[in-house]
Amino acid sequence: MFTKIKKIIVVFCSGALLLTAAGCSGNADPAEPTSSSSASTAAASSSSPAPSLSPTAKTAPTPVPASSKGPARNWPVPKMPAAAKKNSKDGIVAFTKHYFALVDYSVLTYETKPLKAVTERTCYLCAKQIIDPADGNRGHGGWHVGGKTDVTVTFARNTKGSSISGFTFLREKTWVYLANGKLQSTIPAITAPRAGTFNLIFDNGWSVVDVEFVDPEGK
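Conventions adopted
- Residues numbered from 1 in each chain as written.
- Predicted model: local features only at pLDDT ≥ 70, side-chain atom pairs only at ≥ 80, totals over all residues.
- Heavy atoms only, no water.
- Helix = DSSP H or I, 4+ residues; strand = E, 2+ residues; numbered from the N terminus.
- Buried < 20%, exposed > 50% of the residue type's maximum accessible area, 1.4 Å probe, protein only.
- Contact = heavy atoms within 4.5 Å.
- Areas by Shrake-Rupley, 256 points an atom, 1.4 Å probe, with all protein chains shown as cover.
- Core = buried A, V, L, I, M, F, W, Y, C linked by side-chain atoms within 4.5 Å.

Enquirer: I keep staring at the overall build of the protein chain and nothing clicks. Help me out?
Expert: A tally of regular secondary structure across the protein chain gives four helices and nine strands. Sequence-ordered secondary structure for the protein chain, helices as α and strands as β, is β-β-α-α-α-α-β-β-β-β-β-β-β. Across the 219 residues of the protein chain, 37% fall into the buried class. Long-range contacts, defined as pairs at least 24 residues apart, comprise 61% of the intrachain contacts of the protein chain with a sequence gap of at least 6. Total accessible area on the protein chain is roughly 12800 Å²; 55% of this is exposed by carbon and sulfur atoms.

Spelled out as structure tokens, the structure:
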């Protein structure tokens, strides 16, 4: 299902997660320090003792969203909400939403560590169509714009050994760019809700064991 080519396409196709492609890069240069001075300041400093120096807190680089000009930079990792850490129905709901946020993050940045931390290798679609291609194609220079997922959790069942969450999702239109900055293609938005389920386990935290999607064509 996955062909390694020098482009990045991430879509929900017929309900399935499909990542066909390749490479997102772009670490922002450190911000240059700024300084200001004036004659009066200089005069004051020459006539008074120099103040003691104290450590200056480093400011986080400003996140830059992906655009036609380049890939996203300094994009923050989605923080897991406290509710998503609970072994409860509310925890399942919060975790499901968080997982989709991590999928969007991995697609946008090709950084898969946060997603791997909450995904079992038994999840074929998760590993083979998102995580593995992202790891294998990191650094090729292409990127995409848009494609954010809007997920609604429809039910949550918390049972011993295995739990389930049901969801529907929509997805924004995606613009696909090559490393040279040329627009290669666009992926239509998903405007009619697609349905699916996560099979989950809880072991000091939730993780996805498997994902299934309802075929929109009813096949």
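Now that the structure has been shown, we can carry on.
Enquirer: I would appreciate a short explanation of the nonpolar core in the present structure.
Expert: Within soluble globular proteins, side chains that are nonpolar tend to cluster in buried spots. F95, Y99, F167, F198, V208 and V211 are the most contacted members of the largest nonpolar core, which totals 27 residues. Counting residues per element, this core draws most heavily on helix α2 (residues 89-109), which supplies eight residues. Filtering out sequence-adjacent residues up to four positions away, F95 remains in contact with M80, A84, V118, L200, W206, S207 and V208. A72, L108, V145 and Y177 belong to the second-largest nonpolar core, a separate cluster that totals six residues.

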